[in-house]
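Results of the structural survey
Next come the chains, spelled out residue by residue.
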Amino acid sequence: MGATTESGVVTRFAPSPTGFLHIGGARTALFNWLFARHHGGKFLLRIEDTDRARSTQPAIDAILDGMRWLGLDWDGEAVHQFARAARHAEVAQQMLAAGHAYKCYATPEELAALREEQRAAGKPIRYDGRWRDRDPAEAPERAPFVVRLKAPREGATTIHDRVQGDVTVQNGEIDDFVLLRSDGTPTYMLAVVVDDHDMGVTHVIRGDDHLNNAFRQLPLMKAMGWAEPVYAHIPLIHGADGAKLSKRHGALGVDAYRDEMGLLPEAVDNYLLRLGWGHGDDEIISREQAIEWFDLDGVGKSPSRFDFKKLENLNGHYIREADDARLTDLVAPRLPFELSASQRNLLQRTMPVLKPRAANLIELAENAMFLFRTRPLEMDDAASDLLGGDAPALLARVHAALASVNDWESGALEAAVRQVAEAAGVKLGAVAQPLRAALTGRKTSPGIFDVLELLGREESLGRIADRMAVQA
Ligand code: GLU
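So, here is what we can say about the structure in this document. Every chain is numbered on its own, with residues counted from 1 as its sequence reads. Totals for whole chains, interfaces and linings use every residue, but because this is a predicted model, local features are given only for residues with pLDDT of at least 70 and side-chain atom pairs only at 80 or more, for both listing and counting. Neither water nor hydrogens contribute to the side-chain values; these are computed over all heavy atoms in the structure.

**Quick look at the environment of F337**
Definition in use: A run of H or I in DSSP counts as a helix once it spans at least four residues, and a run of E counts as a strand once it spans at least two, with each numbered from the N terminus. Only heavy atoms enter the contact rule, under which two residues are in contact if any of them lie within 4.5 Å.
Take F337: it is sitting in the loop between α11 (324-331) and α12 (341-354). Considering only alpha carbons, one finds F337 and F372, 35 residues apart in sequence, at a separation of 9.7 Å. For F337, the contacting residues outside a window of four places in its chain are A332, Q343, M369 and F372.

Set out below in structure tokens:
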């Protein structure tokens with residue numbers, strides 16, 4: 001365990017279900033998960049569904065599905081923020097009773113006029129506290145009101161952020177923001193603070209786009225006498241060109257990484273871990289190592305750049321490491337037909353020679369297709385090009401040589417093909433390339449002797465015969 005062992009750690013991931021689980025959110029979840037697991041603490045999940053117009057059930061499902069796929073299991077039941085509205089309102093009432101909040105009767109028209117005035121004067125747009133010290137007796141009868149935080153005006157607030165370092169903001173810059181709307185519903189800012197407190201969150205690890213919010217959330221906590229969490233605001237992910245991450249850069253849902261790009265979850269996890277966190281020069285980091293090593297000190301301060309090539313290289317590594325039966329399960333549904341039991345078995349036996357050549361499951365499925373094509377094989381253009389000239393005659397000699405091989409295994413098959421090349425006075429490649437085309441319909445494939453062995457005698461000789469010149 002690292003030197004920074006802290007006890008009783010509770011982290012949380014708090015996505016707003018207004019869209020899929022995007023790659024930045026997945027990284028935030030991963031960091032929270034790793035930090036909690038490293039310290040033997042708890043990792044909680046809170047669905048921030050207070051924005052009723054934009055929160056959807058399909059988005060919630062996509063988030064949970066994405067987290068399960070990435071192996072980010074959460075402790076206990078997921079908390080749904082909207083269901084806790086009564087508790088949030090209760091806290092606002094307590095704040096009001098204790099004088100840490102006040103009722104504001106300013107009408108929307110009044111506030112619009114205020115904003116217009118501030119804009120015209122080139123001042124920051126901010127509520128001016130017009131009901132802060134006013135006698136509530138002056139309130140118009142039965143008029144709607146909101147409840148606002150009575151934020152401190154003097155002094156400054158410093159956050160000792162574990163990633164950003166010390167960050168100080170003058171209290172005068174923090175506005176008396178709304179806690180309860182005029183319809184009695186809590187605002188997001190109130191809900192986050194109450195939920196983090198009630199869930200016992202000790203460490204808030206989230207994107208640095210929320211750093212400003214921390215300065216608004218802190219006075220609320222202080223007013224309630226609640227302990228401040230440790231903050232770690234992690235830099236956002238940028239595209240390879242340094243611009244803010246967009247769809248073009250890979251700001252997609254994790255389901256796209258799984259389904260459309262054919263990546264393995266351990267590769268995505270490993271990549272996301274390295275995106276903003278480092279442990280020396282280590283690139284390939286297993287989950288066990290990540291749990292052992294992860295800390296907040298290793299999180300960089302500058303935005304990291306999304307590098308798809310790197311992700312794909314990692315994926316290639318994890319494909320090579322993956323168990324053949326598992327890969328067979330993942331590739332089978334990507335083939336354009338249902339596999340019979342014997343085809344499945346063949347696919348699994350072929351995995352060891354397919355694995356080294358694929359960067360993702362899509363390539364793996366494509367590269368496996370030669371096993372299942374039926375005779376006469378359709379040739380792609382590159383394969384057809386290999387079958388002109390002397391190729392049909394050479395294939396006839398290969399056919400004859402292979403037909404007399406007794407033990408159909410790659411070593412004996414290789415010896416037979418080499419003999420044909422030697423006798424014909426050509427390089428092995430001059431025989432192997434047309435042979436590959438005949439056997440697979442493609443210019444590239446796993447090693448040709450493995451292909452022969454896997455296809456078996458009858459199928460191999462049949463495919464060769466389809467492409468050879470009939471001998472005189
Ligand atoms: N719901 C916020 C978001 O999805 C996160 C809030 C937080 O972590 O405090 O960006």
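**Quick notes on the sheet that holds strand β4 (residues 101-104)**
Our working definition: Strands pair, by our definition, only if DSSP identifies at least two bridges between them. For every element, the axis is a line fit to its C-alpha atoms; helices are fit only across the contacting stretch, and the angle between N-to-C directions ranges from 0 to 180 degrees.
With antiparallel pairing, 3 strands are arranged side by side in an open sheet as β4-β5-β8. Because the sheet does not close on itself, it has two edges, and the strands there are β4 and β8 (178-180). Strand-to-strand twist across the sheet, computed as the mean angle between neighbouring axes with direction ignored, equals 45°. Along the sheet, helix α3 (residues 85-97) makes contact with β4, β5 (146-149) and β8, crossing β8 at roughly 115°.

**Brief notes about the site of the ligand**
Going by this rule: Working definition: residue near molecule or strand if any one of its non-hydrogen atoms lies within 4 Å of it. Think of a polar contact as two N or O atoms within 3.5 Å of one another; within protein, one of them needs to be a possible hydrogen donor and the other a possible acceptor, and neighboring residues in sequence only count if both atoms come from side chains. To measure how exposed things are, a 1.4 Å probe is used in the Shrake-Rupley method; for residues, cover is taken only from the protein chains shown. Charged means Asp, Glu, Lys or Arg here, nonpolar means Ala, Val, Leu, Ile, Met, Phe, Trp, Tyr, Cys or Pro, and polar covers whatever is left, Gly included.
Close contacts around the ligand come from R12, A14, P15, S16, E48, Y188, R206 and H210, and that covers them all. Take E48: an N or O atom from its side chain is 2.6 Å from a nitrogen atom of the ligand. H210 is positioned with one of its side-chain polar atoms (N or O) 2.9 Å from an oxygen atom of the ligand. Summarising the interface, the protein chains cover 79% of the accessible area of the ligand, which totals 300 Å² for the free molecule. Among the residues forming the shell around the ligand, the class breakdown is 3 nonpolar, 2 polar and 3 charged.

**Some words on helix α10 (residues 308-321)**
The condition is simple: Working rule for helices: expected span equals 1.5 Å times residues minus one. Each residue is placed in one exposure class: buried if its accessible area under a 1.4 Å probe, protein chains only, is under 20% of its type's maximum, exposed if it is over 50%, and partly exposed if it falls in between.
Here α10 contains 14 residues, and its C-alpha end-to-end distance of 20 Å stays within 8% of the 20 Å for a straight helix at 1.5 Å per residue. Among the residues of α10, L311, E312, L314, N315, G316, H317, Y318 and I319 are the ones counted as buried. Packed against the buried residues of α10 are α7 (254-260), α8 (265-274), α11 and α13 (361-368). Structurally, the start of α10 carries an N-cap: the backbone nitrogen of K309 is 3.1 Å from a side-chain oxygen of D307.

**Here we look at the sheet that holds strand β2 (residues 42-47)**
On the basis of which strands lie adjacent, the open sheet formed by 3 strands has the order β1-β2-β3 and parallel pairing. Single-partner strands in this sheet number two, and they are β1 (10-13) and β3 (79-80). Bridging between β2 and β3 involves 2 bridges; their strand directions are parallel. When the bridges of β3 are listed, I47 appears paired with H80. Contacts from helix α2 (residues 57-69) reach β1, β2 and β3, with the element oriented near 160° to β2.

**Description of unusual backbone geometry**
Most peptide bonds are trans, and most residues other than glycine sit at a negative phi. In this model, R375 is joined to P376 through a cis peptide bond whose omega is -10°. Mapped onto the elements, P376 comes out in the loop between α13 and α14 (381-385).

**Brief notes about the packing of α8 against α10**
We apply this condition: In what follows, roughly perpendicular refers to angles from 65 to 115 degrees, roughly parallel to angles under 35, roughly antiparallel to angles over 145, and oblique to any angle outside these ranges. Definitions for this section: a left-handed crossing has its near helix turned counterclockwise from the far helix by less than a right angle. A right-handed crossing has that turn clockwise.
It is at 8 Å that the axes of α8 and α10 come closest, and there the two elements cross at 135°. Judged by the inter-axis angle, α8 sits oblique to α10. Here α8 and α10 pass one another in a crossing that is right-handed. Here E266, A267, V268, N270 and Y271 of α8 lie close against α10, whose contacting residues are K310, L311, L314, N315 and Y318. Here the residues of the contact of α8 with α10 are counted per class, giving 6 nonpolar, 2 polar and 2 charged.

**A closer look at helix α1 (residues 23-38)**
Taking 1.5 Å as the rise per residue, α1 with 16 residues should run 22 Å; its terminal C-alpha atoms sit 22 Å apart, in good agreement. Counting buried positions along α1 yields 16 of 16 residues, so the element is predominantly enclosed. Note on α1: the residue one or two positions beyond its end, G40, has a positive phi of about 65°.

**Some details on the nonpolar core**
The condition that has to hold: Nonpolar cores were defined as sets of buried Ala, Val, Leu, Ile, Met, Phe, Trp, Tyr and Cys residues, with membership established by side-chain atoms within 4.5 Å.
L347 and L402 are the most contacted members of the largest nonpolar core, which totals 101 residues. The contacts of L402, once residues within four sequence positions are left out, are W408, L413, A416, V417, L452, R457, L461 and I464. L179, M189, M199 and M224 belong to the second-largest nonpolar core, a separate cluster that totals 33 residues.

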